[in-house]
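Now for the letters of each chain:
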Amino acid sequence: MMEILTLAAAQAIAKIALDKFIEGGAGELGKNMTGAVTEKVKQLGTVVWNRIKGNHRAVEVLQGAAENKPEALTQLKNYLYSQWQDENSEFVREVKTLADDIHFELTQIEDNSPMTVNNYGGTNTNYQTKTGKDNTNYFGGTHNHGK
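Conventions we followed
Residues numbered from 1 in each chain as written. Predicted model: local features only at pLDDT ≥ 70, side-chain atom pairs only at ≥ 80, totals over all residues. Heavy atoms only, no water. Salt bridge = Lys/Arg side-chain N within 4 Å of Asp/Glu carboxyl O. Buried < 20%, exposed > 50% of the residue type's maximum accessible area, 1.4 Å probe, protein only. Helix = DSSP H or I, 4+ residues; strand = E, 2+ residues; numbered from the N terminus. Contact = heavy atoms within 4.5 Å. Core = buried A, V, L, I, M, F, W, Y, C linked by side-chain atoms within 4.5 Å. Axes fitted to C-alpha atoms, helices over the stretch in contact; angles between N-to-C directions. Parallel < 35°, antiparallel > 145°, perpendicular 65-115°, else oblique. Left-handed = near helix turned anticlockwise from the far one by under 90°. Nonpolar A, V, L, I, M, F, W, Y, C, P; charged D, E, K, R; others polar.

Going through the model one piece at a time under the given rule, you end up with six salt bridges. For glutamate 67, the salt bridge is made with lysine 69, and the minimal N-O distance between the two is 3.1 Å. Residue lysine 69 is classed as partly exposed on the basis of its relative accessible area of 45%. Residue glutamate 90 pairs with arginine 93 through a salt bridge whose shortest N-O separation is 2.9 Å.

This is the structure:
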């Protein structure tokens, strides 16, 4: 029997929460487990864990879900969905907020590509562009000095 919440158990909870509150959000979990995402997953897991840890059956199902047992995942999903029916409860609002935060972290693109400034002589037009992979955005324009 689980005595403490494991990261695998927190991830199982997070996947179910993302499925419930963020359409298609759970598919991103696991691809980009940055430190920020891991912390949010742990927070979400802890909120749910504190709610269910007194229910021995729920804890057993959570342990099975953490071990990626399909039947346990389904049972956990059904159990948590039943716990999340009252969308006005503080518990549901907290879970939804954390699911939103996780989704936000998962969808952020870290862009560490360098900036390049191109000065085209005589045209008074300068473009500052990102030069990394897949960057197409630029800022620029024409600046004319009056004579």
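After presenting the structure, the write-up continues.
As a further point, take the environment of leucine 106. Positionally, leucine 106 belongs in helix α5 (residues 90-107). Along the backbone, leucine 106 and threonine 34 are 72 residues apart, and their C-alpha atoms lie at a distance of 8.4 Å.

All right, on to the environment of glycine 64 then. In this fold, glycine 64 is placed in helix α3 (residues 56-66). For glycine 64, a relative accessible area of 8% puts it in the buried group. The spatial distance from the C-alpha of glycine 64 to the C-alpha of glutamine 75 is 9.5 Å, given a sequence separation of 11 residues. Excluding its chain neighbours within four sequence positions, the residues that come into contact with glycine 64 are Lys69 and Ala72.

Once that is clear, we can look at the nonpolar core. Core analysis: the biggest nonpolar cluster contains 32 residues, and Phe21, Leu44, Val48, Leu76, Trp84, Val95 and Ile102 have the highest contact counts within it. Broken down by secondary-structure element, the contributors of at least two residues to this core are α1 (7-21), α2 (35-52), α3, α4 (70-83) and α5. With nine residues, α1 is the single largest residue contributor to this core. Setting aside chain neighbours within four positions, we find valine 95 in contact with Ala17, Phe21, Leu44, Val47, Val48 and Trp84.

The next thing to look at is the packing of α1 against α4. Direction vectors running N to C along α1 and α4 enclose 55 degrees, while the axes themselves pass 10 Å from each other. Our classification of the angle between α1 and α4 gives oblique. The element α1 and its partner α4 pack so that their crossing is right-handed. Seen from α1, the contacting residues are Ala12, Ile13, Ile16, Asp19 and Lys20; seen from α4, they are Leu73, Leu76, Lys77, Leu80 and Tyr81. By residue class, the composition of the contact of α1 with α4 is seven nonpolar, no polar and three charged.

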